[in-house]
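# Observations on chain architecture
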Amino acid sequence: MPTASPAGHLAHRRFPDEFLFGAATAAYQIEGAAFEDGRTASIWDHFARQPGAVINGDTGDVACDHYHRYRDDVALMEELGLQAYRFSTSWSRVRPDGGPVNEQGLDFYRRLVDELLEVGIKPWLTLYHWDLPQALEEKGGWTSRETVDRFLEYALSVHDALGDRVETWTTLNEPWCSSFLSYTAGIHAPGRQSVTDGLLSAHHLLLAHGRTVQELRRRDGELELGLTLNLTVAEPADPEDEADRDAARRIDGQFNRWFLDPLFRGEYPQDIALDLHEVDPAALAALEDADQAGDLAAISTPLDALGVNYYHGEYVGGAPPAEEPPAGDAPTDRATSSPFPAHTNLFWHERGLPRTAMGWEVQPAGLTDLLLRVDREYARPAGTALYVTENGAAFDDVVTDGGDGATRVADAERAEFLRAHLGATLEAREAGVDVRGYFYWSLLDNYEWARGYEKRFGIVRVDYDTQERLIKDSGREYRHIIAERAI
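Next up on the list: the pattern of salt bridges. For the structure on display, the rule yields 50 salt bridges. Here glutamate 215 makes a salt bridge to arginine 219, at a shortest N to O gap of 3.9 Å. Residue glutamate 215 and its partner arginine 219 are both found in helix 9 (residues 195-219); the two are separated by four residues, about one turn of the helix. The residue arginine 355 makes a salt bridge to glutamate 361 at a minimum N-O spacing of 3.7 Å.

Scanning the model with the defined rule gives zero disulfides in all. In this model cysteine 64 remains outside any disulfide bridge; the closest cysteine sulfur is found in cysteine 177, 19 Å from its own.

Judged by pairing direction, the sheet is mixed, and its three strands sit side by side in the order 8-10-11 without closing on themselves. Because the sheet does not close on itself, it has two edges, and the strands there are strand 8 (234-236) and strand 11 (347-348). As defined by bridge partners, strand 8 adjoins strand 10 (residues 314-317) across three bridges and the pair is classed as parallel. In the strand pairing of strand 10, alanine 234 is matched with glutamate 314. Of the strands in this sheet, strand 8, strand 10 and strand 11 are in contact with helix 10 (residues 242-265), which crosses strand 10 at around 135 degrees.

Here helix 5 (residues 103-118) spans 22 Å end to end across 16 residues, near enough to the 22 Å set by a 1.5 Å rise per residue. On its buried face, helix 5 is in contact with helix 1 (27-30), helix 3 (66-80), strand 4 (84-88), helix 4 (91-94), strand 5 (122-128) and helix 7 (146-162).

Note: strands within a sheet are paired through backbone hydrogen bonds, in either parallel or antiparallel orientation. Pairing is parallel in the closed barrel, where eight strands are placed in the order 3-4-5-6-7-9-12-15. Geometrically, the sheet is characterised by an average inter-axis angle of 25 degrees between neighbouring strands, direction not taken into account. Across five bridges, the pairing between strand 4 and strand 5 is parallel. Each residue of the ladder has a partner; that of phenylalanine 87, found in strand 5, is leucine 125. Docked against the sheet, helix 7 engages strand 5 and strand 6 (168-173), running at close to 160 degrees with respect to strand 5. Running over the sheet, helix 14 (residues 364-382) touches strand 9 (305-309), strand 12 (385-390) and strand 15 (435-441) and is turned about 140 degrees from strand 12.

Now for the pairing of strand 12. Buried residues dominate strand 12, accounting for six of its six residues. Where strand 9 lies against strand 12, five bridges are found, and the strand directions are parallel. The partner of asparagine 309 across the bridge, within strand 12, is glutamate 390. Where strand 12 lies against strand 15, two bridges are found, and the strand directions are parallel. In the strand pairing of strand 15, leucine 386 is matched with valine 435.

So, on to the packing of helix 5 against helix 7. Remark: helix 5 packs on helix 7, axes separated minimally by 10 Å, with the N-to-C direction vectors making an angle of 45 degrees. As judged from the angle between their axes, helix 5 and helix 7 are oblique. The chirality of how helix 5 crosses helix 7 is right-handed. From helix 5, Leu106, Tyr109, Arg110 and Val113 reach across to helix 7, where they touch Ser157, Val158, Ala161 and Leu162.

This part takes up the nonpolar core. Counting residues in each nonpolar core, the largest one holds 134 residues, and the members touching the most others are Trp44, Tyr128, Phe151, Trp169, Trp258 and Tyr478. When residues no more than four places from it in sequence are discounted, the contact partners of phenylalanine 151 are Trp91, Leu127, Tyr128, Trp142, Thr171, Leu172, Ala208 and Thr212. Of all hydrophobic cores here, the second largest spans 16 residues; its members include Ala84, Ala305, Phe439 and Phe457.

Attention now moves to the layout of surface pockets. Size it by volume and the largest pocket reaches roughly 1,200 Å³. Forming the walls of the largest pocket are 49 residues, and the residues nearest its centre are His312, Glu314, Gly328, Asp329 and Trp360. Mapped onto the lining of the largest pocket, the elements with two or more residues apiece are helix 8 (175-184), strand 10 and strand 11. It is helix 8 that provides the largest number of residues to the lining of the largest pocket, a total of three residues. Across the lining of the largest pocket, the residue classes break down as 26 nonpolar, 14 polar and nine charged.

What follows is about the pairing of strand 4. A large share of strand 4 lies buried, amounting to five of its five residues. Sheet topology note: the strand 3 (residues 20-24)/strand 4 ladder contains three bridges and is parallel. Bridge pairing links alanine 24 to arginine 86 in strand 4.

Cut-offs used in this document
- Residues numbered from 1 in each chain as written.
- Predicted model: local features only at pLDDT ≥ 70, side-chain atom pairs only at ≥ 80, totals over all residues.
- Heavy atoms only, no water.
- Salt bridge = Lys/Arg side-chain N within 4 Å of Asp/Glu carboxyl O.
- Helix = DSSP H or I, 4+ residues; strand = E, 2+ residues; numbered from the N terminus.
- Disulfide = S-S within 2.5 Å.
- Pairing = 2+ DSSP bridges.
- Contact = heavy atoms within 4.5 Å.
- Axes fitted to C-alpha atoms, helices over the stretch in contact; angles between N-to-C directions.
- Expected span 1.5 Å × (residues − 1).
- Buried < 20%, exposed > 50% of the residue type's maximum accessible area, 1.4 Å probe, protein only.
- Parallel < 35°, antiparallel > 145°, perpendicular 65-115°, else oblique.
- Left-handed = near helix turned anticlockwise from the far one by under 90°.
- Core = buried A, V, L, I, M, F, W, Y, C linked by side-chain atoms within 4.5 Å.
- 1 Å grid on protein atoms, 1.4 Å probe; cavity = no way out; pocket = protein on both sides within 12 Å on 5 of 7 lines; lining within 4 Å.
- Points joined across faces, edges and corners; volume = space filled by probe spheres on them.
- Nonpolar A, V, L, I, M, F, W, Y, C, P; charged D, E, K, R; others polar.

What follows is the structure, encoded as structure tokens:
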């Protein structure tokens, strides 16, 4: 937040000229056109149709209709002053069923990238945001090593089409979600509930990342290559209590270090491996069998950029709290499990912070702490730059009369969330962290996975009945911040 100068005026905190301001989306959440121009079912198309899996039985069949309205959406990005747009390509659109290339699908992304470049917006491409072709899931999905080969084929097909115009390539978005949340907890597609399947999926996702980075770097040494992790700050409810400290260690190990350590150190965290051995030795043995010679060397291929997705921290203990905090998962009718493979004696506590409509704590200082820690322990020794690739909040937006017959979304809470987290990012940079950009999640209200269309994260409102777009007050605030390059 701006601070008052001695003269009583607001002193603005400025961002460096090279700092990148952007917004992010994902293919299944906004594109729609689910079965047009050759696209076939992904695991999310299938999962969304399972009874009780998604609130209201919502699907991404239409979503924000971005497939047909991308030109209007790029015009909105230009109006907001965005410098970069982080989007994902749909595997099911580019190589339906994991099979041959679908040129109609690639043509959509060619048109999108050309439109972005035409207005001076940097395309930031993510290859995998959870939309595995359903046909590959039926052959084993990410538990199968063969899926690694299919992913590499898909990635290279996208590079064949866009490699001359896209400089920044992200292999995976949040592998914690596409493995543990999806194959162990069953909260996300494909909805399996198996510790073994989660561990195998995480390993194969990371292996697909490593092999793809190796091949893309061989093709073009000028590309900026990396991946994005969702990370957290795990804190014990009572720092003096050994069980609480151990709960924080295990959350940190299974949320952060299980992915950071193999990527940057070529090894899985041994303390978590020991926890797994106590809880599910067969699952750990399956992972050890799957981890073939050379896998971790490929996984730890050096990165140019690491995307950090941050939404909230974790305040945990080893015993149940007196007061249960709000649940953060979608209240669906489908039975689910814990996303943490070693999940015994993990309990979330209340600490009185404000919360979003998702029930997630608002803790900007956690983002500063997280960036400092990741930079110190992982990125700086490896020479890897950091970007905040997702950060955002859902609130219960209300459309009001803005005067002169115009409508308005006066989302002051989201605007404050945006300012506070941009300030937290700037604090990390001022402390010496090489953090080079910030992407708000999300550009548009969209399909929020198991919550369907119930929660809205966008700085642009979408009326799902008419597909009308409306820049919210938070979007206007972001436009002002970008124009001034200051908060």
